[in-house]
Every structure is written in C-alpha cells, then in structure tokens.
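Structure assessment
Take a look at the letters that make up each chain.
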Amino acid sequence: KYDDTYISTVRQALEKQAEGKVNLLLNDGKGDQGTQNDQIDLLIEKKVDALLVNIVDVGASQTVVNKAKSADIPIIFFNREPNEDVLKSYSKARFVGTNAKDAGVIQGEIITKAWKSGKYDKNNDGIIQYVMLKGEPDNPEAVARSEWSVKTVEENGVKTEQLGMQICNWDTELASRATEAWISKFGDEIEFIISNNDGMAQGAIAALQAAGYNKGDDSKFIPVVGVDATDAAKELIKKGYMTGTVLQDGDAMADV
Ligand code: CA
C-alpha cells in the first residue's frame, strides 16, 4: 500500500539502496490480494530476477510461493511473515522482518514506564484501564503486538483491564471513529490507549483532541502508544500529544 506511511519509508529506502545497481519495478497492491497476484503474474512473465513481496494476506503466501517456484524465481517476503512451512516449501523463499513479538514487548516497556510516573491512574485502583486499537484480526504482527504489549505490562507487575478492543485495519480514520465512541462511552475511565501502529494512534489522538484531550494540558491527557516511529508520530510526541512509539527500521529492512 503506497499510502501506508511505514511501508513508504521501506519503499524509499529500497529505491535508495537500488540506485544504479538494481532495476526496481514497483507495484502498489492497494491492500488487495487479487491485485497483487496479478502483479506477481506480470512480473514473472517479465522474467524478473527476484520478487520482493509484502504479501497482502499471509493466507495467500503458499499460492504466491508456488508461482515463484514454478518459474524458479527467488522470492523474499518482507514486513508480513508467511508461515514457516510455506517458506520451507521452496528453497529460494525467505522472510526479512522484525520479530513480531518485539514491538509489543517494547510498547509494554513504554507503557510501564509511563504508568509508574503515577500520573495516569485516574480512579486510583492500581489497574490500567485501557483500550486497544488492533490492526487486523489474524495478522501475526497485530496479534503479537496486542498480546505482548499487555503481557509485558503484566509481567512488570502492573495489572490491566481492557475496556475495549477494536479492529481498525491499521486505518487512521477508523481508529479515530472507534476512539470517539470510546470517549463518549467511557470518558475519563480510559487511562491508556494502545495502538498496533502509529497510523491508528494518530487517529486516536485526533479524536481525543476533538474531545478536548491531549492538547498540551497535563490534567486532560490520555497516553497513547503506537508502533512505527512515523514522522507524524514523532511530531506528536515532540509536541507532548503522544506518549511513545517503537521504531521499525525501514532503512535496515531495505538494507538486508
Ligand atoms: Ca486505574
């Protein structure tokens, strides 16, 4: 998805790395597996030397690997990780990406540290009442981040209570709407907003600000954490509107 901020940083880093060495044929799958399959078919017809694929739906990985295998073209998946047995089914298939669990663990550390400042337990019960903005239901990154952010907080000795969880497909606008609904339902009962990525965190902050929160006044503030360290998120953190993010190093991924 060209309009995905994080993937755009990976794409730009790839272009930089490729300059003068690799002729890159870039394709925007637009979040549609059918479109991506057609693009892969075309690239195979063009007899490319290698395929780099950020698969739209990990469930389609085997089909895509089979296409590459029958054309004897090496295939490198990035960002979304296919199952191990899919990768093992072809000797020229690889995955480059971060350990899905790590971003969640780091989020958990950020949340614990912020929580221990003592500022956010609005109802003074020693428990973090939080809402979770989840990317996709079965996406391994979304599942691991949702699980490990909270697990890490618990492992650090802080109790948690989930007030709400909403699937927002990594989308800023959907996250904004979900947060708006939570604010009207729970208001100040919400003590933390955990988001699987910065795009959705940004949406949450937009909704919070529309309701008068997170505008620089410490007394009306709900901490939000994301993942990706996008420029937008870094700007929000600098202004004091957002609490933290986790750097997904797009340059390093392209470098590999
Ligand atoms: Ca509490």
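Residues numbered from 1 in each chain as written. Predicted model: local features only at pLDDT ≥ 70, side-chain atom pairs only at ≥ 80, totals over all residues. Heavy atoms only, no water.

**Observations concerning the overall build of the protein**
Along the backbone of the protein there are ten helices and seven strands. Its C-alpha atoms give the protein a radius of gyration of 20 Å, within 12% of the compact-globule value 18 Å for 256 residues. Of all intrachain contacts in the protein linking residues separated by at least 6 positions in sequence, the fraction that spans at least 24 positions is 64%. Accessible area of the protein: about 12,800 Å², with a carbon and sulfur share of 47%. Of the charged side chains in the protein, 29 are positive and 41 negative, and the gap between their average positions amounts to 2 Å. (Helix = DSSP H or I, 4+ residues; strand = E, 2+ residues; numbered from the N terminus. Rg over C-alpha atoms; globule rule 2.2 N^0.38 Å. Contact = heavy atoms within 4.5 Å. Areas by Shrake-Rupley, 256 points an atom, 1.4 Å probe, with all protein chains shown as cover. Lys, Arg positive; Asp, Glu negative; His and termini not counted. Charge placed at Lys NZ, Arg CZ, Asp CG, Glu CD.)

**Examining the pattern of salt bridges**
Two side chains of opposite charge can pair, provided their charged atoms sit close to one another. Tallying each qualifying case throughout the model produces ten salt bridges. Close ionic contact of Glu141 with Arg145 constitutes a salt bridge, the shortest N to O distance being 3.3 Å. Here Arg145 and Glu141 lie together in helix α6 (residues 140-155), a separation of four residues that amounts to about one turn. (Salt bridge = Lys/Arg side-chain N within 4 Å of Asp/Glu carboxyl O.)

**Brief notes about the pairing of strand β6 (residues 192-195)**
Neither face of β6 is exposed, since Phe192 and Ile194 on one face and Ile193 and Ser195 on the opposite face are all buried. Bridging between strand β4 (residues 127-134) and β6 involves four bridges; their strand directions are parallel. Among the inter-strand pairings, Leu133 is bridged to a residue of β6, identified as Ser195. Across two bridges, β6 lies against strand β7 (residues 224-225) in parallel orientation. By the bridge assignment, Ile194 is partnered in β7 with Val225. (Buried < 20%, exposed > 50% of the residue type's maximum accessible area, 1.4 Å probe, protein only. Pairing = 2+ DSSP bridges.)

**Section: the sheet that holds β6**
Strand-to-strand pairing in sheets goes through backbone hydrogen bonds, with the strands running parallel or antiparallel. With parallel pairing, four strands are arranged side by side in an open sheet as β5-β4-β6-β7. The outermost strands of the open sheet, each flanked by one partner alone, are β5 (159-167) and β7. Across the face of the sheet, α6 comes into contact with β4, β5 and β6 while running at roughly 170° to β4. (Axes fitted to C-alpha atoms, helices over the stretch in contact; angles between N-to-C directions.)

**Section: the coordination of the calcium ion**
Surrounding the calcium ion are the protein donor atoms Asp121 (OD), Asn123 (OD1), Asp125 (OD), Ile127 (O), Gln129 (OE1), Glu191 (OE) and Glu191 (OE), which sit 2.3 to 2.6 Å from the metal. In the primary structure, the donors to the calcium ion are separated according to the pattern D-x1-N-x1-D-x1-I-x1-Q-x61-E. Residue class for Gln129 comes out buried when judged on its relative accessible area of 4%. (Donors = N, O, S within 2.8 Å, 3.2 Å for Na, K, Ca; no water.)

**Topic: the side chain of Asp228**
The topology assignment puts Asp228 in the loop between β7 and α9 (231-238). For the buried Asp228, no salt bridge is present, and the opposite-charge side chain at shortest range is Arg145, 4.6 Å distant. In contact with Asp228, other than residues within four places in its own chain, are Tyr6, Asn197, Asp198, Thr245, Val246, Leu247 and Gln248.

**Some words on the pairing of β5**
Remark: a regular strand shows side chains that alternate across the two faces of the sheet. Sheet analysis places β4 next to β5, joined by eight bridges and oriented parallel. Paired with Val131 across the bridge in β5 is Gly164. In terms of handedness, the path from β4 via α6 over to β5 forms a crossover that is right-handed. (Right-handed = clockwise from strand over helix to strand, strands pointing away.)

**Some thoughts on the nonpolar core**
One finds Leu133, Trp182, Ile190, Ile193 and Leu208 to be the most contacted residues of the largest nonpolar core, which totals 25 residues. At the level of elements, β4, α7 (172-186), α8 (198-210) and α9 are the ones that each hand at least two residues to this core. Element by element, the count of residues in this core is highest for α8, at six residues. (Core = buried A, V, L, I, M, F, W, Y, C linked by side-chain atoms within 4.5 Å.)

**A look at the environment of Asn37**
When you line up the elements, Asn37 lands in helix α2 (residues 33-45). If sequence neighbours within four positions are ignored, Asn37 has contacts with Val64 and Lys67.

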